[in-house]
Structure formats: C-alpha cells, structure tokens
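Overview (structure and organization)
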Amino acid sequence: ELAEKNVGPDHPDVASSLDRLGMSLSAQGRLAEAEPLFKRSLAVRESVHGPDHADVAASLDNLADLLRSQGRHAEAEPLYKRSLAVREKALGTGHPDTVTSMNNLAIAYSSQSRYAEAEPLYKRLLAIKEKALGPDHRDVEASVYNLAQVYDFLGRSAEAEALYRRSLAIRD
C-alpha cells in the first residue's frame, strides 16, 4: 500500500513488493491469496519493462512455482518456458538466474515423470555449472544427482550408478 501511494500502482517497486508478499503467503500455504499478487506483479512488470525483460522472468517463475505446487502443471509449464527464453535472451545462458529458470523447468518435467524432457535440461545445467564452478562444487553435485535420478527413472542404471558415485565423491 505504501509503495502504491508513494510511486503509483504501476511502478517496479510495487511489483517487487507484490512478489515478496506473494512469496510470504505461499510459504504460509496461503496459495489462493498469493496467486493474484503474482499475476499483478507480472502485469505491472510487463507494462513497465515490456515482455522480454529479466524482471518479467522473475514474476513468471514465481507464478509458475505457485501453479506447480498446486499440481497445475499445464498452466505452469508455458510460464517456465517463457521465463527461460526471456532470461536466455536478456542475460545469457550462463547467468545464475537463467540457470534457475532452466532448473525450474527441469523440475517441472521431472515432477510429471517426463524424464526424457528433463534430461537435456539437466545435462545443460550440469555443463554450465561445471564450466562456471568446476567439477567438484556442491552446486555441481546437485546437478549430477538430479541427472542420475533421471537416468534411474529412464531405466539407464549404469549411467545412473556412475553419476550417483560421482555425486557421493563430490560430497565426500
């Protein structure tokens, strides 16, 4: 309310406040209250920055996360895809926010047992993280483990085992 009063209802600061309040409500399980806040934040950011701005991608991810947590995968998926496309264009493939969007889409696919679609995303994530962080970083380990799980679910046991062993070696 203060942000709206001070800078007007269609200001980026209002969108940021809406996102923070939406995240707080989501964390409390108040998803029905959070959804309109995320949608309004997205609308404000699109009107201020246009559809291809990195801040728009943040709002897309927040709304998609909320929808996915409610099992509304068909609604979440296009938002995740758009967020990834916006961030790749605006920030580049190796940017941490782009990596977050890529990971979110991979998780969305995995949570629907769409492992064949998750696999190339997890492989890209792993390559990006290894290049940026080195082969033994804890963030790399998470990607190794996620890819191992995908291989496991796809019935590719030998590949999964090798990655599980690598994951354990990084943890050690």
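The structure we're discussing is the one just above.
As a starting point, this report considers the structure included with it. (Residues numbered from 1 in each chain as written. Predicted model: local features only at pLDDT ≥ 70, side-chain atom pairs only at ≥ 80, totals over all residues. Heavy atoms only, no water.)

1. Observations concerning the overall build of the protein
Helices and strands together make up the secondary structure of the protein, namely nine helices and zero strands. If you list the helices and strands of the protein from N to C, you get α-α-α-α-α-α-α-α-α. Structurally, the protein occupies a C-alpha span of about 60 × 30 × 25 Å along its principal axes. Out of the 172 residues belonging to the protein, those deemed buried represent 40%. (Helix = DSSP H or I, 4+ residues; strand = E, 2+ residues; numbered from the N terminus. Buried < 20%, exposed > 50% of the residue type's maximum accessible area, 1.4 Å probe, protein only.)

2. A closer look at the nonpolar core
Of all hydrophobic cores here, the largest spans 39 residues; its most connected members are L63, L121 and Y122. Elements supplying a minimum of two residues to this core: α2 (12–27), α3 (31–49), α4 (54–69), α5 (73–91), α6 (96–111), α7 (115–133), α8 (138–153) and α9 (157–171). Looking at which element gives the most residues to this core, the answer is α7, with seven residues. For L63, the residues in contact, after removing those within four places along its chain, are E35, F38, K39, L42 and L79. (Core = buried A, V, L, I, M, F, W, Y, C linked by side-chain atoms within 4.5 Å. Contact = heavy atoms within 4.5 Å.)

3. Examining the pattern of salt bridges
Overall, the coordinates contain 19 salt bridges when judged by the stated rule. The shortest N-O distance in the salt bridge between D52 and K89 comes to 3.7 Å. Of this pair, D52 sits in the loop between α3 and α4 while K89 sits in helix α5, placing them 37 residues apart in sequence. Given the relative accessible area of 44%, D52 is considered partly exposed. (Salt bridge = Lys/Arg side-chain N within 4 Å of Asp/Glu carboxyl O.)

4. A closer look at the side chain of S101
Looking at the secondary structure, you find S101 in helix α6. A relative accessible area of 0% places S101 in the buried class. With residues up to four places along the chain from it excluded, the contact list for S101 reads D61, S83, L84 and R87.

5. Description of α8
Helix length check: α8 (16 residues) gives 23 Å between terminal C-alpha atoms against 22 Å at 1.5 Å per residue, within 8%. Buried within α8 are the following residues: V140, E141, S143, V144, L147, A148, V150 and Y151. For α8, the elements touching its buried residues are α6, α7 and α9. The positive-phi residue at the C-terminal boundary of α8 is G155, with phi of around 80°. (Expected span 1.5 Å × (residues − 1).)

6. Comments concerning the packing of α2 against α3
Remark: α2 packs on α3, axes separated minimally by 8 Å, with the N-to-C direction vectors making an angle of 160°. With respect to each other, α2 and α3 are oriented roughly antiparallel. Crossing hand, α2 versus α3: left-handed. For the pair α2 and α3, the contacting residues are P12, V14, A15, S16, L18, D19, L21, G22, M23, L25 and S26 in the first and L31, E33, A34, L37, F38, R40, S41, V44, R45, V48 and H49 in the second. Broken down by class, the residue content of the contact of α2 with α3 amounts to 13 nonpolar, five polar and four charged. (Axes fitted to C-alpha atoms, helices over the stretch in contact; angles between N-to-C directions. Parallel < 35°, antiparallel > 145°, perpendicular 65-115°, else oblique. Left-handed = near helix turned anticlockwise from the far one by under 90°. Nonpolar A, V, L, I, M, F, W, Y, C, P; charged D, E, K, R; others polar.)

7. Focus: the environment of F38
Looking at the element boundaries, F38 is found in helix α3. The contacts of F38, once residues within four sequence positions are left out, are D19, G22, M23, S26, N62, L63 and L66.

8. So, unusual backbone geometry
Residue S113 is not a glycine yet carries a positive backbone phi of 60°. Position of S113 relative to the elements: it lies in the loop between α6 and α7.

Just geometry here; none of it tells us what the structure is for.
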